[in-house]
Amino acid sequence: MQEPKAVGLSENDKNSSSSSSLGLGYEKNDMEATNGTTAAQADASSALVFLGTGCSSAVPNATCLIKPSDPPCHVCTQSLHIPPDRNPNYRSNTSLLIDYRNTEGEHKYILIDVGKTFREQVLRWFTLYKIPHVDSIILTHEHADAVLGLDDVRVIQPFSPTNDIDPTTVFLSQHSMDSLAEKFPYLVQTKLKEGQEVRRVAQLDWQIIERDYEKPFVASGLKFYPLPVMHGEDYISLGFLFGEKYRIAYISDVSRFPESTEHVISKDGAGQLDLLILDTLYKKGSHNVHFCLPQSLEALKRIRPKKALFIGMTHEFDHDKDNKFLREWSEREGIEVQLARDGLRVPVDL
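Residues numbered from 1 in each chain as written. Predicted model: local features only at pLDDT ≥ 70, side-chain atom pairs only at ≥ 80, totals over all residues. Heavy atoms only, no water.

*Asks:* Explain the overall build of the chain residue by residue, including any values.
*Replies:* Broken down by element type, the chain carries ten helices and 14 strands. For the chain, restricting intrachain contacts to residue pairs at least 6 apart in sequence, the fraction spanning at least 24 positions comes to 71%. Surface accessibility of the chain: about 15500 Å² in total, with carbon and sulfur atoms responsible for 48%. (Helix = DSSP H or I, 4+ residues; strand = E, 2+ residues; numbered from the N terminus. Contact = heavy atoms within 4.5 Å. Areas by Shrake-Rupley, 256 points an atom, 1.4 Å probe, with all protein chains shown as cover.)

Structure below.
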């Protein structure tokens, strides 16, 4: 197997001190003053772009601002005086954009989840990294923070008042499809009823995937293996395993790993991950439908990925402070882990 590229990034935020010797710092997000290009344009490799790394309610938590505590929440009140692009504690709904450079040198853009904050993510990160469109969409589940931005997919599609455009393929489970048919009937129906007016809406081609890691699917030329996980004991969400040269697992909503799924992504099972992107809701305690920091760290010790990035954080996490703690943990345990942040771009060789 070809040696994978290091996940090396440099800090873009003068207010942040999260760069470290562990190779999980941050790339510069600012436009280059000399030629107007971004780091993404300068690097012709594939890349992961973290469009969002926060919980469903996002950060800042609106309650902290309209009903401030005494003393006020430090993380949330930062948003009142630090612009989002320089505030690593500003977090929108979890979402990952995979900029996949195929063997022909073409860039294909694959989006995992389209939550409530999708429009803001387009304005902030599609414009910065010059993302022209999305070739395909993959959904982990049908909760609001994963799907309520589907209506806004039309802003990244060609304009047509009569919807005469090629649809964007959406991969999802049958359960999610059934739910979305009720939430967004106008996005699912394929033919107008008699007398029904044409309205401009996102054009989507729905493709059902099975909740079985032995049955992969291909999105825009990249193979994905579904990773069923428990999101509460009454609900199955999907993570995804992808990458041949650099093995990545993305798991955004999990409270427990079924034994078969953990085997697929474990060093002592089917093989070590190069990067695990994992759910981490609160700093302390536990939660019935999400991993919190103690469970996430225990999972890392079992799974033993080479590197890990945490996502899905609430306002309990202070990016710089908690990344310092994680650097110390990493040195003790031998697993490199940090909190991700919105706008983080990770070059990879898929």
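*Asks:* Help me get a handle on the pairing of strand E12 (residues 307–311), residues and values and all.
*Replies:* Where burial is concerned, most of E12 is hidden: five out of the five residues are buried. The side-chain alternation of E12 yields two buried faces, one formed by Lys-307, Leu-309 and Ile-311 and the other by Ala-308 and Phe-310. In terms of strand pairing, strand E11 (residues 275–279) meets E12 through five bridges, oriented parallel. Directly across from Leu-278, in E12, lies its bridge partner Phe-310. In terms of handedness, the path from E11 via helix H9 (residues 293–303) over to E12 forms a crossover that is right-handed. Where E12 and strand E13 (residues 336–339) come together, four bridges link them in parallel fashion. The partner of Ala-308 across the bridge, within E13, is Val-337. (Buried < 20%, exposed > 50% of the residue type's maximum accessible area, 1.4 Å probe, protein only. Pairing = 2+ DSSP bridges. Right-handed = clockwise from strand over helix to strand, strands pointing away.)

*Asks:* Now, about unusual backbone geometry: what can you tell me, with residues and values included?
*Replies:* With an omega dihedral of 15°, the bond running from Val-59 to Pro-60 counts as a cis peptide bond. Secondary-structure assignment places Pro-60 in the loop between strand E1 (46–52) and helix H2 (62–66). Backbone torsion omega between Asp-70 and Pro-71 reads 0°, so that peptide bond is classified as cis. Structurally, the position occupied by Pro-71 is in the loop between H2 and helix H3 (74–77). With a phi angle near 50°, Ser-220 is a residue other than glycine that sits in the positive phi range.

*Asks:* I'd like a rundown of the sheet that holds strand E14 (residues 345–348), residues and numbers included.
*Replies:* On the basis of which strands lie adjacent, the open sheet formed by seven strands has the order E6-E5-E4-E3-E2-E1-E14 and mixed pairing. Only two strands of the sheet have a single partner each, and these edge strands are strand E6 (204–208) and E14. Each strand axis lies, on average, 20° off the axis of its neighbour in the sheet, ignoring direction. Examined bridge by bridge, strand E5 (residues 168–172) and E6 share five bridges and lie parallel to one another. Residue Thr-169 lies in a different strand from E6, and its bridge partner there is Asp-205. Across the face of the sheet, helix H4 (residues 118–128) comes into contact with E1, strand E2 (95–101) and strand E3 (107–112) while running at roughly 135° to E1. (Axes fitted to C-alpha atoms, helices over the stretch in contact; angles between N-to-C directions.)

*Asks:* Go over the packing of H9 against helix H10 (residues 319–333) with me, naming the residues and quoting the values.
*Replies:* The contact between H9 and H10 brings their axes to 12 Å, and the two run at 30°. Relative to H10, the element H9 lies roughly parallel. Crossing handedness for the pair H9 and H10: right-handed. Side by side, H9 and H10 meet where Leu-293, Leu-297, Leu-300 and Lys-301 of the first sit next to Phe-325, Leu-326, Trp-329 and Glu-333 of the second. (Parallel < 35°, antiparallel > 145°, perpendicular 65-115°, else oblique. Left-handed = near helix turned anticlockwise from the far one by under 90°.)

*Asks:* Can you lay out the nonpolar core for me, pointing to particular residues and giving the numbers?
*Replies:* Counting residues in each nonpolar core, the largest one holds 31 residues, and the members touching the most others are Leu-97, Phe-126, Leu-139, Leu-150, Val-153 and Trp-206. For this core, the leading source of residues is H4, giving five residues. Leu-48, Ile-98, Tyr-250 and Ala-340 belong to the second-largest nonpolar core, a separate cluster that totals 29 residues. (Core = buried A, V, L, I, M, F, W, Y, C linked by side-chain atoms within 4.5 Å.)

*Asks:* Lay out a nonpolar patch on the surface with the relevant residues and their values.
*Replies:* The grouping of Leu-65, Ile-66 and Leu-80 at the surface amounts to a nonpolar patch, some 320 Å² of accessible area in total. Examined against the element boundaries, Leu-80 turns out to sit in the loop between H3 and E2. Overall, Leu-80 belongs to the exposed group, its relative accessible area being 64%. (Patch = residues over 30% accessible without salt bridge, like charges linked within 9 Å, V, L, I, M, F, W, Y side chains within 5 Å. Salt bridge = Lys/Arg side-chain N within 4 Å of Asp/Glu carboxyl O.)

*Asks:* I'd love a proper account of the environment of Asp-164, names of residues and values included.
*Replies:* Relative to the assigned elements, Asp-164 resides in the loop between helix H5 (144–147) and E5. Once the C-alpha coordinates of Asp-164 and Arg-200 are considered, the two residues, 36 residues apart in sequence, prove to be 9.6 Å apart.

*Asks:* Describe the pattern of salt bridges, naming the residues involved and giving the relevant values.
*Replies:* Using the criterion set out here, one finds eleven salt bridges in the structure. Glu-142 serves as the salt-bridge partner of Lys-183, at 2.9 Å between the closest nitrogen and oxygen. Residue Lys-183 is found in helix H6 (residues 174–183), and its partner Glu-142 is found in the loop between strand E4 (136–138) and H5; the two are separated by 41 residues along the sequence. Classification of Lys-183 as partly exposed rests on a relative accessible area of 36%.

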